[in-house]
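Reading the structure
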Amino acid sequence: LRCLPCISWSRKYRFYSKGVPNGGMAQFQEVMRQQLETSMHAELEKLLDTATGVDKEVSRKDFDGFKKLFHRFLQVKGPSVDWPKIHRPPEDSIQPYDKIAARPLPDSLADSLNKLVVVKLNGGLGTSMGCKGPKSLISVRNENTFLDLTVQQIEHLNKKYNTDVPLVLMNSFNTDEDTKKILQKYTHHRVKIHTFNQSRYPRINKESLLPVATDIGMTGENADVWYPPGHGDIYASFYNSGLLDQLITEGKEYIFVSNIDNLGATVDLNILHHLVSQPNGKRCEFIMEVTDKTRADVKGGTLIQYDNKLRLLEIAQVPKAHVDEFKSVTKFKIFNTNNLWISLGAIKRLQEQNAMDMEIIVNPKTLDGGQNVIQLETAVGAAIKSFDNALGINVPRSRFLPVKTVSDLLLVMSNLYSLEAGSLTMSQKREFPTTPHVKLGSSFTKVQEYQTRFESIPDMLELDHLTVSGDVTFGKQVSLKGTVIIIANHGDRIDIPAGTILENKIVSGNLRILDH
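Residues numbered from 1 in each chain as written. Predicted model: local features only at pLDDT ≥ 70, side-chain atom pairs only at ≥ 80, totals over all residues. Heavy atoms only, no water.

Remarks on the pattern of salt bridges
With the rule as written, the count across this model stands at 25 salt bridges. Salt-bridge contacts for Arg 33 lead to Glu 30; the nearest nitrogen and oxygen are separated by 3.4 Å. Within this pair, Arg 33 and its partner Glu 30 are both found in helix H2 (residues 25-48), separated by 3 residues, close to a single helical turn. Salt-bridge contacts for Glu 253 lead to Arg 283; the nearest nitrogen and oxygen are separated by 3.8 Å. You can see Glu 253 sitting in the loop between helix H9 (243-249) and strand S10 (254-259) and its partner Arg 283 sitting in the loop between helix H10 (269-276) and strand S11 (286-292), a full 30 residues away along the chain. For Glu 253, a relative accessible area of 29% gives the class partly exposed. Within the structure, one salt-bridge network assembled from shared partners comprises Arg 311, Asp 357, Glu 359 and Lys 385. (Salt bridge = Lys/Arg side-chain N within 4 Å of Asp/Glu carboxyl O. Helix = DSSP H or I, 4+ residues; strand = E, 2+ residues; numbered from the N terminus. Buried < 20%, exposed > 50% of the residue type's maximum accessible area, 1.4 Å probe, protein only.)

Here's what the structure looks like:
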């Protein structure tokens, strides 16, 4: 990031600063910053004038948070990390999961569970998989959606241990309405479900650094000028919603936060026991679950020691000269799964002290009309350095099972996994603990297209690698083993017949199975 990470700002800066003596440069920069901030505040007030009632109050709270973010954005000078100050975390700051799991669990597990709240990040849409509406409502296994599986997991815990672990969904303005309609179906389940909304921030014109929105509405011309500002917004939104205080009053002490599309992110009783059973003087306020990097994870954020604090380092913060070093699996061996265990009391304290420190992510976008905008975001894990006695736990890969694409969806729908009480576990019949590498081509990108191409999900227990490209369909009870590559060239079509066993095969050309 440069000082004011915006190309147009740099142009204006060079133009106006010609002839300014060096001694006055800092003063000139400050004047320009103040002008930008004043203009932004005036534009936000104009937008608020177009709102009424509750909308106005909610938007004012959102804009207060946005102003703080914008102010910090204008203050940024150079990269957010000084590379020589980066060190590997001390040995005891990232604990192996086996060490924590070796401690015997107490008989009073219910006491620990009654201090827990499960929070799922539910702000995303299913657009990357060709679906409308919240991603959490996509069916992933036996007609169960991400949300169904989450509710089943927590209900199972509550019944088994006679506890009251609630589910909290952090929605965005994109997902809130549809999610709330669906929640009615869980009325008779043994899970209390709460929701709160992420903030709604205005996208900023890259040239003027002012909001693109003309009024507070979200329809017509204003349909794509607002955005939810990343999951780092959880702290402020949770606190502002009043739900944080309510849960503390009910005796809750910790939240377990994860992405709703990570099917490996279930409540882990060993980690919970480790949190709850620590001495008061050395209470850990933040645990980040990390797992070993593979070649597929080289861009994932990692934990470092920086200024004597554990800190999350994301690829966007790395100076260009050190990107290859960051991607090294030998130097930075682990990455953040975004499964986080956080003290509710600590969130409250840091919010009230305005001490939550998260790096700003500047995300450039192009609107449908071609206009270039930026959106300012933060990441939930970046706050780790604000908490006392933060810890990383190196967990098994099975706790990181995200479904981002239809290739991921094929894995979790297959016989590689068995489903019990909402939790997916790797089949005992698979000889290797690693998941196969699956790459489905553009003909499979949308869930609906994907579903029409499989009469049934193939047997993948002995599969290592699958690549499919072009117009390919699979009949019933197909079995894939070893490395299988199926390529239908443009204009060709390949129908894999029912009952076919493909082991270490490359299939190409044209094969049509005609109904008769």
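Quick notes on the UniProt feature "binding site: substrate" (unreviewed entry) in the protein
Under the present numbering, the feature "binding site: substrate" (unreviewed entry) in UniProt falls on His 231. Along the chain, the position of His 231 falls in the loop between strand S9 (226-227) and helix H8 (234-241). Judged by relative accessible area, which is 26%, His 231 ranks as partly exposed. Apart from the residues lying within four places of it in its own chain, the contact partners of His 231 are Leu 121, Met 170, Gln 198, Asn 259, Asn 338, Thr 378, Ala 379 and Val 380. Only 3.5 Å separates the side chain of His 231 from the side chain of Asn 338, close enough to count as a polar contact. (UniProt positions renumbered as here; feature names shortened; annotations may be inferred. Contact = heavy atoms within 4.5 Å. Polar contact = N/O pair within 3.5 Å; in protein donor to acceptor, adjacent residues only side chain to side chain.)

Things to note about the sheet that holds strand S1 (residues 94-96)
Ordered in space as S1-S17-S11-S14-S10-S2-S5-S6, the 8 strands form an open sheet in which the pairing is mixed. For this open sheet the edge positions go to S1 and strand S6 (193-197), each flanked by a neighbour on one side alone. Within the sheet, the average angular offset between the axes of one strand and its neighbour, ignoring direction, is 25°. Where H10 meets the sheet, its contacts fall on strand S2 (116-122), S10, S11, strand S14 (334-343) and strand S17 (391-394), and the angle it forms with S11 comes to roughly 145°. Packed onto the sheet, helix H12 (residues 344-352) meets S10 and S14 and runs at close to 85° relative to S14. (Pairing = 2+ DSSP bridges. Axes fitted to C-alpha atoms, helices over the stretch in contact; angles between N-to-C directions.)

Examining the packing of H2 against helix H3 (residues 53-75)
At a closest axis distance of 11 Å, the pairing of H2 and H3 adopts a crossing angle of 165°. As far as their axial angle goes, H3 and H2 are roughly antiparallel. Crossing of H2 against H3: the hand is right-handed. Across the interface between the two elements, Arg 33, Leu 36, Glu 37, Met 40, His 41, Leu 44, Glu 45, Leu 47 and Leu 48 of H2 pack against Lys 56, Ser 59, Arg 60, Phe 63, Phe 66, Lys 67, Phe 70, His 71, Leu 74 and Gln 75 of H3. Among the residues forming the contact of H2 with H3, the class breakdown is 9 nonpolar, 4 polar and 6 charged. (Parallel < 35°, antiparallel > 145°, perpendicular 65-115°, else oblique. Left-handed = near helix turned anticlockwise from the far one by under 90°. Nonpolar A, V, L, I, M, F, W, Y, C, P; charged D, E, K, R; others polar.)

As for the environment of Tyr 239
Relative to the helices and strands, Tyr 239 is located in helix H8. Judged by its relative accessible area of 23%, Tyr 239 is partly exposed. With near-sequence residues (within four places) excluded, Tyr 239 lies in contact with Leu 244, Lys 348, Gln 351 and Glu 352.

Some details on the UniProt feature "binding site: UTP" (unreviewed entry) in the protein
The UniProt record annotates "binding site: UTP" (unreviewed entry) at Lys 135, Gln 198, Gly 230, Asp 261 and Lys 404. Narrowing the list just given to those that line the second largest pocket leaves Gln 198. Within the secondary structure, Asp 261 is located in the loop between S10 and H10. The exposure class assigned to Asp 261 is buried, which follows from its relative accessible area of 7%. Setting aside its immediate chain neighbours within four residues, Asp 261 contacts Lys 135, Phe 146, Leu 401, Pro 402, Val 403 and Lys 404. Looking at the secondary structure, you find Lys 404 in the loop between S17 and helix H13 (406-413). Excluding its chain neighbours within four sequence positions, the residues that come into contact with Lys 404 are Ser 128, Met 129, Lys 135, Asn 259 and Asp 261. A polar contact of 2.9 Å, which involves the side chain of Lys 404, links it to the side chain of Asp 261. (1 Å grid on protein atoms, 1.4 Å probe; cavity = no way out; pocket = protein on both sides within 12 Å on 5 of 7 lines; lining within 4 Å.)

Side note on H12
Given 3.6 residues per helical turn, the α-helix brings residues three or four places apart onto the same face. Of all the residues in H12, the buried ones are Leu 344, Ala 346, Ile 347, Leu 350 and Gln 351. Relative to the axis of H12, the buried residues are bounded by an arc of 160° and lie together on one face. Taking the backbone nitrogen of Gly 345 as reference, a side-chain oxygen 3.4 Å away marks Ser 343 as the first, capping residue of H12. (Arc of directions from axis to C-beta.)

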